[in-house]
Structures are given as C-alpha cells and as structure tokens.
Amino acid sequence: TDFTVKWGIIIVILVAMLILAIVSIFAWTPFLDNLYCCLGVILFGIYIIMDTQLIIGGKTFKLSMDDYVVGALILYIDIIQMFLYILQLLSKKK
C-alpha cells in the first residue's frame, strides 16, 4: 500500500487533536489528556510509516539519493515525538 498519498488520515487526526486541545482548555480531565496522547502516538506512528516509505522510495513520492540526511532526520524526529507522547501517557499511571 502506498501510504505516501494518504494525507487525509493525518489531516483528520490533526483536526481531532486541535479540537481536543481547544476543549481541554475549558474542561480538562485526565481522560482527555490520555486521549490526546493516544492520538499523538497514532499520528506519529503513521508519520513513521509514511517517512519510511519516502526514504525507501518506489512509491508516488520519494526522497532522492542526496536527501538521505534529511530522511534520517525526519525519521529521527518522528521517533522522538512518538516516544515523548508514550512517555507522557505512561507517566500518568501510578
């Protein structure tokens, strides 16, 4: 499956996170915070899949051979962001 053209999934999750962030300003609960973290983990999981396909190539979009440093940096940032959301999600449990 070519995930590099599935930007609609990312837009839907980003809009859901934006709405959830606005609602959390007025009515914060631990459940909403956990839901926000779960959406963040799902979002960056999809980003990791898409960026891996960009690096590997052979699909609709791909990085050129000269962009290997950019590809590694993009993938590294996605992994760090996903780790931060997982860490935030697990730090709430006691």
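See the structure printed just above.
Residues numbered from 1 in each chain as written. Predicted model: local features only at pLDDT ≥ 70, side-chain atom pairs only at ≥ 80, totals over all residues. Heavy atoms only, no water.

Draft legend 1. View of a nonpolar patch on the surface. Taken together, the side chains of Val-5, Trp-7, Ile-11, Val-15, Ile-19, Val-23 and Phe-61 define a hydrophobic patch exposed on the protein surface, amounting to about 630 Å² of accessible area. With respect to the helices, strands and loops of the structure, Ile-19 is situated in helix α1 (residues 7-26). (Patch = residues over 30% accessible without salt bridge, like charges linked within 9 Å, V, L, I, M, F, W, Y side chains within 5 Å. Areas by Shrake-Rupley, 256 points an atom, 1.4 Å probe, with all protein chains shown as cover. Salt bridge = Lys/Arg side-chain N within 4 Å of Asp/Glu carboxyl O. Helix = DSSP H or I, 4+ residues; strand = E, 2+ residues; numbered from the N terminus.)

Draft legend 2. Helix α3 (residues 68-91), seen in detail. Over its 24 residues, α3 runs 34 Å from end to end, which matches the ideal 34 Å to within 8%, given 1.5 Å per residue. All of the buried residues in α3 are Gly-71, Asp-78, Tyr-85 and Leu-89. Looking at the buried side of α3, the elements it contacts are α1 and α2 (30-56). (Expected span 1.5 Å × (residues − 1). Buried < 20%, exposed > 50% of the residue type's maximum accessible area, 1.4 Å probe, protein only. Contact = heavy atoms within 4.5 Å.)

Draft legend 3. Quick peek at the state of the cysteines. Considering all chains together, one arrives at zero disulfides under this definition. Lacking any disulfide linkage, Cys-37 is separated from the closest cysteine sulfur, that of Cys-38, by 7.0 Å. A residue is classified by how much of its surface remains accessible, and Cys-37, at 0% relative accessible area, is buried. The exposure class of Cys-38 is partly exposed, given its relative accessible area of 33%. (Disulfide = S-S within 2.5 Å.)

Draft legend 4. Expanded view of the nonpolar core. Ranked by internal contacts, the top residues of the largest apolar core, which has 14 residues, are Ile-10, Ile-13, Met-17, Leu-39, Leu-43, Ile-46 and Tyr-85. Within the residue set of this core, elements represented by two or more residues are α1, α2 and α3. No other element matches the eight residues that α2 contributes to this core. Those residues in contact with Ile-10, other than ones at most four positions away along the chain, are Leu-43, Ile-46, Tyr-47 and Met-50. (Core = buried A, V, L, I, M, F, W, Y, C linked by side-chain atoms within 4.5 Å.)

Draft legend 5. Geometry of the packing of aromatic side chains. Scanning the model with the defined rule gives three aromatic pairs in all. Plain terms: the ring middles of Tyr-36 and Tyr-85 are 6.2 Å apart, the flat faces sit at 65° to each other, and that makes the pair edge-to-face. Pair noted here: Tyr-36 is in helix α2 and Tyr-85 is in helix α3, with a separation of 49 residues, a long-range link. Residue classification places Tyr-36 among the partly exposed residues on the basis of a relative accessible area of 26%. With relative accessibility at 14%, the residue Tyr-85 sits in the buried group. Ring centres 5.6 Å apart and planes at 45° place the aromatic pair Phe-44 and Tyr-47 in the tilted group. Of this pair, Phe-44 and Tyr-47 both sit in helix α2, three residues apart, roughly one helical turn. With relative accessibility at 12%, the residue Phe-44 sits in the buried group. (Phe/Tyr/Trp six-rings, centres within 6.5 Å; stacked < 30°, edge-to-face > 60°.)

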